[in-house]
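Structural features, examined
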Amino acid sequence: MKHRCQYSSFDHSLIAEVRMLDADAITGALFASQVPDDFVERCIAVGASEVHFKYDTCSYERVQMAHAAGLTTMAWFRGPIGMKDDYLNNYFDVGNEDEAMYMTVLRSGVTSMCVNRPGILVNALKKNTRG
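Residues numbered from 1 in each chain as written. Predicted model: local features only at pLDDT ≥ 70, side-chain atom pairs only at ≥ 80, totals over all residues. Heavy atoms only, no water.

A look at the packing of aromatic side chains
Quick note on the threshold: Under the pairing criterion, centres of Phe, Tyr and Trp rings, with the six-membered ring standing for Trp, must be within 6.5 Å; the plane angle then separates stacked pairs below 30 degrees from edge-to-face pairs above 60, leaving the rest tilted. Helix and strand assignments follow DSSP, with helices taken as H or I runs no shorter than four residues and strands as E runs no shorter than two, numbered in order from the N terminus. Each residue is assigned to one of three classes by its accessible area relative to the maximum for its type, calculated with a 1.4 Å probe on protein chains only: buried under 20%, partly exposed between the two thresholds, exposed over 50%.
Considering all chains together, one arrives at five aromatic pairs under this definition. Between Tyr55 and Phe77, the aromatic rings sit 4.8 Å apart at their centres with planes inclined by 10 degrees, giving stacked as the arrangement. Taken together, the positions of Tyr55 in the loop between strand S3 (50-54) and helix H3 (60-68) and Phe77 in the loop between strand S4 (72-76) and helix H4 (80-89) put the pair 22 residues apart, joining distant regions of the chain. Each member of the pair Tyr55 and Phe77 is classed as buried.

Have a look at this one:
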């Protein structure tokens, strides 16, 4: 069962602890709004196998840097209350995890996404694979 578990944390020292317990564990270093310039080095230093970017920090350049270092990538979206605040006060060009938002994040090249509205993502993917 452990091969089906992934561990992620904003506290990167915990990632190092997990890796000491299980060198094969899938671990993700979570980053919120402030992604440091040396995020790749920080991930490698604690043995993270993935970088987990908050959706609005998931740029093509960052994703490429992570992939070049052998890290996989994930974009995570805030919970429903936080997302409502984002689309009402910060990002007026998208809705609350709508198709446009998901497709924009996917264009960054991110390996995976952790979303709150998977049905919308599935519909967006279906539309974009047909055409």
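On we go.
Description of the pattern of salt bridges
Heads up, the condition is: Salt bridges are defined by distance alone: a side-chain nitrogen of Lys or Arg within 4 Å of a carboxyl oxygen of Asp or Glu.
Taken as a whole, this structure holds three salt bridges when the rule is applied. Across the pair Arg42 and Asp38 runs a salt bridge whose closest N-O atoms are separated by 2.8 Å. Exposure remark for Arg42: the relative accessible area of 41% places this residue in the partly exposed category. For the salt bridge of Asp56 with Lys54, the shortest nitrogen-to-oxygen distance reads 3.5 Å. Using a relative accessible area of 6% as the deciding quantity, one classes Lys54 as buried.

Some words on the pairing of strand S1 (residues 6-9)
The following threshold applies: In this description, strands pair whenever DSSP reports at least two bridges between them. Looking down the strands as they point away from you, a crossover is right-handed if its path from the first strand over the helix to the second goes clockwise.
Pairing of S1 with strand S2 (residues 26-31), which is carried by four bridges, proceeds in the parallel orientation. Across the sheet, residue Ser9 finds its bridge partner in S2, namely Ala29. Read as a crossover between parallel neighbours, the route from S1 over helix H1 (residues 12-21) to S2 is right-handed.

Some thoughts on the side chain of His52
Applicable threshold: Polar contact is defined as a pair of N or O atoms within 3.5 Å, subject to the rule that within protein one atom must be able to donate a hydrogen and the other to accept it, and that residues adjacent in sequence are counted only when both atoms are side-chain atoms. The contact criterion used throughout is that any non-hydrogen atoms of two residues lie within 4.5 Å.
You can see His52 is positioned in strand S3. Polar side-chain contacts of His52 include one of 2.7 Å to the side chain of Glu50. Every residue in contact with His52, bar those within four places of it in the chain, is listed here: Ser8, Gly28, Ala29, Leu30, Phe31, Met74 and Trp76.

Topic: the sheet that holds S1
To keep things clear, this is the line we draw: Note on geometry: axes are C-alpha line fits, over the in-contact stretch for helices, and angles between N-to-C directions span 0 to 180 degrees.
Taken in spatial order, the five strands line up as S1-S2-S3-S4-S5 in an open sheet, and their pairing is parallel. A strand with exactly one partner marks an edge of an open sheet, and here the two such strands are S1 and strand S5 (112-114). With strand direction ignored, the average angle separating the axes of adjacent strands in the sheet is 25 degrees. With four bridges connecting them, S2 and S3 associate as parallel partners.

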